[in-house]
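# What the coordinates show
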Amino acid sequence: MIDFHCHLDLYPNPLQVARDCAKWGIYVLSVTTTPSAWTGTVGLAEGASRIRTALGLHPQLAHQRKSELGLFEQLLPQARYVGEIGLDGSPECRAYWEDQITVFGYILSACVDAGGRVLSIHSRRAASAVLDKLEAQPAAGTPVLHWFSGTIREMQRAIKLGCWFSIGPAMLASEKGRALTAKMPPDRIVTETDGPFAQIDGNSAFPWDCARVVPILTSLWDKPPGAVEEQLRINLRRLTRS
Ligand code: MN
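Cut-offs used in this document
Residues numbered from 1 in each chain as written. Predicted model: local features only at pLDDT ≥ 70, side-chain atom pairs only at ≥ 80, totals over all residues. Heavy atoms only, no water. Donors = N, O, S within 2.8 Å, 3.2 Å for Na, K, Ca; no water. Helix = DSSP H or I, 4+ residues; strand = E, 2+ residues; numbered from the N terminus. Buried < 20%, exposed > 50% of the residue type's maximum accessible area, 1.4 Å probe, protein only. Arc of directions from axis to C-beta. Contact = heavy atoms within 4.5 Å.

## What to know about the coordination of the manganese ion
- Ligation of the manganese ion by protein atoms is provided by His5 (NE2), His7 (NE2), Glu84 (OE) and Asp194 (OD), these donors lying 2.2 to 2.3 Å from the ion.
- In the primary structure, the donors to the manganese ion are separated according to the pattern H-x1-H-x76-E-x109-D. On the criterion of sequence distance, the pair formed by His5 in strand β1 (residues 2–6) and Asp194 in the loop between β8 (189–191) and β9 (199–200) is long-range, its members being 189 residues apart. Grouping residues by exposure puts His5 and Asp194 together as buried.

Here's what the structure looks like:
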């Protein structure tokens, strides 16, 4: 199982969740929302070889945490993965859009200077603006658009730009999410939960809930579950070696 976008540090009992992931052999990309959360979150992965930590600065915190960009740059050499980063164009986040643009642009430039990273990217109501930024900084690395919710046209543009997608049970609960997923290249998809933010039937999603994606892909791809799981494993291997 693969959870390529999960906020391990934000569960009420993060160490227990990390231990359960290690016990079940789940591959986890443990994303952070602030650079100051990096050190503590890396600690959760100690002894768990399948948990990787990503250095992030969430767009919804851009205005409050832009002062941590120096720390971001200082920590970046230690981080193979970057996220959660991106832009959020929701009405409540529009007030600090300029800060979001500054922070996202700064991070992409730092990633270019560092030789590129795998990037877990938030693009809610901002897919075109995110793609503009990625197009301007192609050397920033391999973008993985998490919980993509843009239009089909935006998705086609993302595919042309080389983007990957991480999809989860919450996204696939909607007709739109399933329709987008059906048109994504199967060899550029990994699974995610976005737990504990994302919910399933009113409860926080956990990394093992990624298993719920397999039956949906089985039907969308018209392939047996074993073939779906194998495709996802191959994708993870290719992505993490990029
Ligand atoms: Mn998230």
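## Things to note about helix α10 (residues 213–221)
- Among all positions in α10, only Val213, Val214, Leu217, Thr218 and Trp221 are buried. In a view along the axis of α10, the buried residues occupy a sector of 140°, so they form one face of it. Exposed and oriented more than 90 degrees from the buried face of α10 are Pro215 and Ser219.
- For α10, the elements touching its buried residues are β7 (164–167), α8 (169–172), α9 (175–182), β8 and α11 (225–240).
- Asp222 sits one or two residues past α10 and shows a positive phi near 55°.

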